[in-house]
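# Fold and geometry: a report
Spelled out, the chains give:
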Amino acid sequence: MNNLREWIGRSETVSDIATATPYAALSATLDRPAERPAVGTELPALWHWLYFLPLHRQSEIGADGHAARGGFLPPVPLPRRMWAGSQFQFHHRLRIGDALTRTSTIHDVTEKSGRTGPLVFVKVRHEICRAGDADIALTEFHDIVYREAARAGDVPPPPQAAPARSEWEKRWVPDDVLLFRYSALTFNGHRIHYDRRYVTEVEGYPGLIVHGPLIATLLLDLLRHHRPDATVARYEFRAVRPTFDINHFFVCGEPLPGGKSFHLWAKDHEGWLTMDATAVIE
């Protein structure tokens with residue numbers, strides 16, 4: 001894994017238009033009304049993930065459903081790739097009809113050794129601007145972790161209990177259709193989310209993995225339900241434990257003192273913490 005840090009500083013720029021149909025489709029997926037919004041409608045926080053989709057040619061796709069290694073992202077040879085977390089600052093609102101530009105830069109590459117072998121962490125910085133606007137509208141840091149394939153005898157890390165009580169809670173059943181629809185909306189070909197034979201026989205997981213970004217979106221959707229007029233200024237989440245489609249899970253939350261910050265988290269059917277997040281509203 002020599003020379004991976006040479007990728008630090010590499011960047012790419014993609015342009016897109018925030019159109020109405022993806023917005024309506026994600027609304028339907030989250031069981032909200034699916035009307036196509038009018039131009040000027042504000043995008044809820046994280047819904048920019050509906051745009052700037054990874055449009056790799058079919059011949060460029062690797063064995064795991066992602067693009068083959070060594071394009072924009074460094075060619076990490078470890079086979080398992082997961083979204084470990086993200087941090088966001090929402091400087092200006094994005095709206096339906098906006099012409100947008102996203103500049104992505106490899107911010108850092110770090111190699112570590114864990115209980116199950118080598119790990120590589122890649123941090124990507126995304127900056128989104130509206131056309132003709134010199135100011136950055138949204139800054140996002142995306143943390144990706146690569147690890148070895150599962151081996152017989154691997155012991156999973158001890159689970160962490162989620163908070164025993166929450167002010168808000170919603171139960172979700174992650175069936176195949178929900179995962180398929182979210183994969184389609186984000187043009188995510190990663191086979192761990194839809195190919196049960198691959199995820200169980202090749203990557204060694206017990207079931208399909210619920211997308212980390214989907215859970216992060218469901219957490220903010222819970223906040224949006226309870227604070228419908230609030231505007232999110234900052235948000236960060238950390239994936240703690242995979243969530244599988246073989247059981248239901250919960251998204252939970254509660255306001256923190258002062259009323260502007262919120263603790264949000266996801267837990268599995270046994271009460272183990274799977275994602276931890278905080279949000280700050282204006």
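Each remark here, short or long, concerns the structure printed above.
Described in the following lines is the structure provided in the data block.

Criteria and thresholds
Residues numbered from 1 in each chain as written. Predicted model: local features only at pLDDT ≥ 70, side-chain atom pairs only at ≥ 80, totals over all residues. Heavy atoms only, no water. Salt bridge = Lys/Arg side-chain N within 4 Å of Asp/Glu carboxyl O. Helix = DSSP H or I, 4+ residues; strand = E, 2+ residues; numbered from the N terminus. Buried < 20%, exposed > 50% of the residue type's maximum accessible area, 1.4 Å probe, protein only. Arc of directions from axis to C-beta. Contact = heavy atoms within 4.5 Å. Core = buried A, V, L, I, M, F, W, Y, C linked by side-chain atoms within 4.5 Å. Axes fitted to C-alpha atoms, helices over the stretch in contact; angles between N-to-C directions. Parallel < 35°, antiparallel > 145°, perpendicular 65-115°, else oblique. Nonpolar A, V, L, I, M, F, W, Y, C, P; charged D, E, K, R; others polar. Pairing = 2+ DSSP bridges. Phe/Tyr/Trp six-rings, centres within 6.5 Å; stacked < 30°, edge-to-face > 60°. Lys NZ or Arg CZ within 6 Å of the ring centre and 35° of its normal.

This part covers the pattern of salt bridges. Going through the model one piece at a time under the given rule, you end up with 14 salt bridges. One salt bridge connects arginine 32 with aspartate 221, and the closest N-O pair in it is separated by 2.8 Å. One end of the pair, arginine 32, is in the loop between helix H1 (20-29) and strand S2 (80-90); the other, aspartate 221, is in helix H4 (residues 212-226), with 189 residues separating them in the sequence. For arginine 32, a relative accessible area of 24% gives the class partly exposed.

What follows covers helix H2 (residues 176-185). Residues Leu178, Leu179, Tyr182, Ser183 and Leu185 constitute the buried set of H2. The buried residues of H2 all sit within an arc of 165° when viewed along its axis, so they share a single face. Across from the buried face of H2, at angles greater than 90 degrees, the exposed residues are Val177 and Phe180. Looking at the buried side of H2, the elements it contacts are H1, strand S6 (168-172) and H4.

Before going further, it helps to examine the side chain of histidine 211. Among the secondary structure elements, histidine 211 is positioned in the loop between helix H3 (196-202) and H4. Judged by relative accessible area, which is 1%, histidine 211 ranks as buried. With residues near it in sequence (within four places) discarded, histidine 211 still touches Leu179, Tyr182, Ser183, Asn188 and His193.

This paragraph deals with the nonpolar core. Ranked by size, the top nonpolar core spans 58 residues in total, and within it Leu220 and Tyr235 carry the most contacts. Top contributing element to this core by residue count: H4, with 8 residues. Contact partners of tyrosine 235, with chain neighbours within four places excluded, come to Leu46, Ser86, Gln87, Phe88, Phe90, Ala216, Leu219, Leu220, Leu264, Ala277, Thr278 and Ala279. Leu78, Val122, Ile144 and Tyr146 belong to the second-largest nonpolar core, a separate cluster that totals 13 residues.

Another point: the packing of H2 against H4. Running from N to C, H2 and H4 point in directions that differ by 100°, and their axes come no closer than 10 Å. Viewed along their axes, H2 and H4 adopt a mutual orientation that is roughly perpendicular. Along the contact surface, H2 presents Leu178, Leu179 and Tyr182, while H4 presents Pro213, Leu214 and Thr217. Looking at the contact of H2 with H4 residue by residue, the classes come out as 5 nonpolar, 1 polar and no charged.

The subject of this paragraph is the sheet that holds strand S7 (residues 232-239). With respect to topology, 10 strands assemble into an open sheet ordered S1-S3-S4-S5-S2-S7-S10-S9-S8-S6, the strand pairing being antiparallel. Strand pairing shows two members of the sheet lacking a second neighbour, strand S1 (11-17) and S6, which therefore form its edges. For this sheet, the mean inter-axis angle between neighbouring strands, taken without regard to orientation, is 20°.

Moving on, we come to the packing of aromatic side chains. Within the structure shown, the criterion is met by 9 aromatic pairs. Aromatic side chains tryptophan 49 and phenylalanine 88 sit 5.7 Å apart centroid to centroid with 65° between the ring planes, which places their arrangement in the edge-to-face category. Of this pair, tryptophan 49 sits in the loop between H1 and S2 while phenylalanine 88 sits in strand S2, and the two are 39 residues apart along the sequence. The pair formed by tryptophan 49 and phenylalanine 88 is uniform in burial state, with each residue classed as buried. Ring-pair connections join several aromatic residues into one group, and the members of that group are Trp49, Trp83, Phe88, Phe90, Tyr235 and Phe237. Positioned above the aromatic ring of tryptophan 7 is the side chain of arginine 10, whose terminal nitrogen or guanidinium carbon lies 3.8 Å from the ring centre.

Bear in mind that shape data such as this cannot, by itself, settle questions of function.
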